[in-house]
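Here's the letter readout for the chains.
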Amino acid sequence: MTETVLLVGGGGREHAIAHALDRSEERDEFEFYACAGNRNPGIAALTDGFETLDTSDTDAVVDYAESVGATLSVIGPEKPLAKGIVDALEDAGIYAFGPRQADARIETDKSFQREFMEANDIPGCPDYAIFTDMELACEYIDEYDGDLAVKPAGLTGGKGVRVTGDQITKAEAKAYLRESDYEKVVLEERLVGEEFTVQALVAGDDVLITPAVQDHKRAYEGDEGPNTGGMGSYTDASFQLPFMTELHSFEALQVLESTVEALDDYRGVLYGQFMLTSEGVKVVEFNARFGDPEAMNVLPILETDFYEVLVGARDGGSRIPELEFQSRATVCKYAVPEGYPTDPQAGTRIEVDEESAAAAAADHDGDAFLFYASVDERDDGLYTTTSRSFAVVGVADTIAEAEAIAEDAIAVAGEEGFHVRHDIGTEELVQSRIDHVEQLTE
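All values derive from a computational prediction rather than experimental measurement.

### Notes on the sheet that holds strand β2 (residues 30-36)
Point 1. Here we have five strands laid out as an open sheet, ordered β3-β2-β1-β4-β5, and parallel in their pairing. Among the strands making up the open sheet, the edge pair consists of β3 (49-52) and β5 (95-97). Adjacent strand axes in the sheet meet at a mean angle of 20°, parallel and antiparallel pairs treated alike.
Point 2. Two elements, strand β1 (residues 3-8) and β2, share six bridges in a ladder whose sense is parallel. Within β2, the residue paired with Thr4 across the bridge is Glu31.

### Some thoughts on a negative patch on the surface
Point 1. On the surface, Asp54, Asp57, Asp59, Asp63 and Glu66 cluster together into a negatively charged patch.
Point 2. When you line up the elements, Glu66 lands in helix α3 (residues 58-67).
Point 3. In this structure Glu66 comes out as partly exposed when scored by relative accessible area, which is 47%.

### Brief notes about the packing of helix α1 (residues 12-22) against helix α12 (residues 306-315)
Point 1. It is the contact of α1 with α12, at a shortest axis distance of 7 Å, that shows an interaxial angle of 95°. Considered as vectors, α1 and α12 are oriented roughly perpendicular to each other. Counted together, Ile17, Ala20 and Leu21 of α1 and Phe306, Tyr307 and Leu310 of α12 form the full contact between these two elements.
Point 2. Partitioned by chemical class, the residues of the contact of α1 with α12 number six nonpolar, no polar and no charged.

### Considerations on empty space enclosed by the protein
Point 1. Taken as a whole and assessed by the stated rule, the structure comprises one cavity of 30 Å³ or more.
Point 2. Put simply, the largest cavity is a space of about 50 Å³.
Point 3. Listed by contribution, the elements that provide at least two residues to the lining of the largest cavity are β4 (72-75) and β16 (268-277).
Point 4. A per-class count over the lining of the largest cavity returns nine nonpolar, two polar and one charged.

### What to know about the sheet that holds strand β22 (residues 381-384)
Point 1. Spatial strand order, β19-β22-β21: three strands in an open sheet with antiparallel pairing. Strands with a single pairing partner mark the edges of an open sheet, and in this sheet they are β19 (349-350) and β21 (375-378).

### A word on the pattern of salt bridges
Pairing between side chains becomes possible if they bear opposite charge and their charged atoms approach one another.
Point 1. Scanning the model with the defined rule gives 32 salt bridges in all.
Point 2. Because the salt bridges share partners, they merge into one network encompassing Arg13, Glu14, Glu78, Glu107 and Arg289.

### Some points on the side chain of His19
Point 1. Tracing the chain through its elements places His19 in helix α1.
Point 2. What His19 contacts, discounting residues up to four positions off in sequence, is Leu46, Phe369 and Phe371.

### A short note on the layout of surface pockets
Point 1. In this structure, the second largest pocket spans a volume of roughly 180 Å³.
Point 2. In this structure, the second largest pocket is lined by His15, His19, Gly42, Ala45, Leu46, Glu354, Ala358, Ala368, Phe369, Leu370 and Phe371.
Point 3. Of all the secondary-structure elements, those providing two or more residues to the lining of the second largest pocket are α1, α2 (41-46), α13 (354-358) and β20 (366-372).
Point 4. Of all the elements, β20 adds the most residues to the lining of the second largest pocket, at four residues.
Point 5. Per-class residue counts for the lining of the second largest pocket are seven nonpolar, three polar and one charged.

### A short note on the packing of aromatic side chains
Point 1. Applying the stated rule across the entire model yields 11 aromatic pairs.
Point 2. Where Phe239 meets Phe325, the ring centres are 5.7 Å apart and the plane angle is 80°; that geometry is what we call edge-to-face. Of this pair, Phe239 sits in the loop between β15 (232-235) and α10 (246-262) while Phe325 sits in the loop between α12 and β18 (329-337), and the two are 86 residues apart along the sequence.
Point 3. Using a relative accessible area of 30% as the deciding quantity, one classes Phe239 as partly exposed.
Point 4. With a relative accessible area of 12%, Phe325 lands in the buried category.
Point 5. An aromatic cluster is built from Phe30, Phe32 and Tyr307, whose rings are joined through pairwise contacts.
Point 6. Geometry around Tyr176 places Arg162 over its ring, the cationic atom sitting 4.5 Å from the centre.

What counts, and where the lines are drawn
- Residues numbered from 1 in each chain as written.
- Predicted model: local features only at pLDDT ≥ 70, side-chain atom pairs only at ≥ 80, totals over all residues.
- Heavy atoms only, no water.
- Pairing = 2+ DSSP bridges.
- Helix = DSSP H or I, 4+ residues; strand = E, 2+ residues; numbered from the N terminus.
- Axes fitted to C-alpha atoms, helices over the stretch in contact; angles between N-to-C directions.
- Patch = residues over 30% accessible without salt bridge, like charges linked within 9 Å, V, L, I, M, F, W, Y side chains within 5 Å.
- Areas by Shrake-Rupley, 256 points an atom, 1.4 Å probe, with all protein chains shown as cover.
- Salt bridge = Lys/Arg side-chain N within 4 Å of Asp/Glu carboxyl O.
- Lys, Arg positive; Asp, Glu negative; His and termini not counted.
- Charge placed at Lys NZ, Arg CZ, Asp CG, Glu CD.
- Buried < 20%, exposed > 50% of the residue type's maximum accessible area, 1.4 Å probe, protein only.
- Parallel < 35°, antiparallel > 145°, perpendicular 65-115°, else oblique.
- Contact = heavy atoms within 4.5 Å.
- Nonpolar A, V, L, I, M, F, W, Y, C, P; charged D, E, K, R; others polar.
- 1 Å grid on protein atoms, 1.4 Å probe; cavity = no way out; pocket = protein on both sides within 12 Å on 5 of 7 lines; lining within 4 Å.
- Points joined across faces, edges and corners; volume = space filled by probe spheres on them.
- Phe/Tyr/Trp six-rings, centres within 6.5 Å; stacked < 30°, edge-to-face > 60°.
- Lys NZ or Arg CZ within 6 Å of the ring centre and 35° of its normal.

This is how it looks when you write it as structure tokens:
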């Protein structure tokens, strides 16, 4: 049977997925299409066809999938998952690598997430309380002995969480809730430690993890400013980050395996964001898809054929090949519109020197990649949207070397009109993470 693969989504995460599929040894054996709300030039260049449509409109996605004869699909963003795109594609006889709508609630409903963890004895669950009455939530904030993470129950693109004792005061947290139109919020104990992410590819009984990544949510250097969708991230040349041990990876895997076991036939990617605390590994949140930027760290160093992963997931969990990765470090840095995330300058025409960015590793022993994100390709060029524009990834034997490549790549790609967190992956920042964990465990 001739396969036709459909990729849903048009961000940096999806460009990394497209890049992984295009590297397949079987690339000549399958057709490859994509659809997204924006025309991502990087994805369009790798596919046999690209359609611009609203990916939250399940009927529109299914119609396009059927029109190109899709037999396999992979879902990138969370919003289509929340709308039940996997269920809709499945009803049309098209296999989708992603969780069904009910299982995607592990990300799309944070109240469900915590109640699910508690009901199924998933380790690492923090203290929490759920409120639909914002005044009662404010009373809880007053009465709680300690700091809290204030989380809207629904999707907020990584920008809705506020943490007392860190970002805001308790008075500001109450004002935030009273001024919001949230129907439900989750208030959780503030977890203190170092965050890391472990992503797993899941089908049947297989839960296969990728190297740990540390994302940087804050907009400005030194971890200052508002939360974003992620300004960049790094991995080490092993499955652990420099402040982790193999035991921490094992604890994260146990959480992911317990979660998959308790869900009904979960498939796709299960993303666990963890906090390494003085009391061990705790769960910050789950996502039901690859992270963005974390996908751009792990997919370029994946040696296993990602197309074969999709085929194996469809044809039986036991047939998913073991995941093998290059023993190399990665550093990802995002270029975002000026004013992002609070007042991003959308609709600005931009120039991105893709070839020079890819050549930036020539003076280093490594590789450089550029992934387009939320840009829109029009007849007269590229334009910004209200979200992140593009990312560069340096790959090398060490984090320091990968960071140097990423810096060179973003400099030649074109920084004018963009904001970049240059401190991501630097020796000083990584050492501060190591020092912090050592202080926690003293």
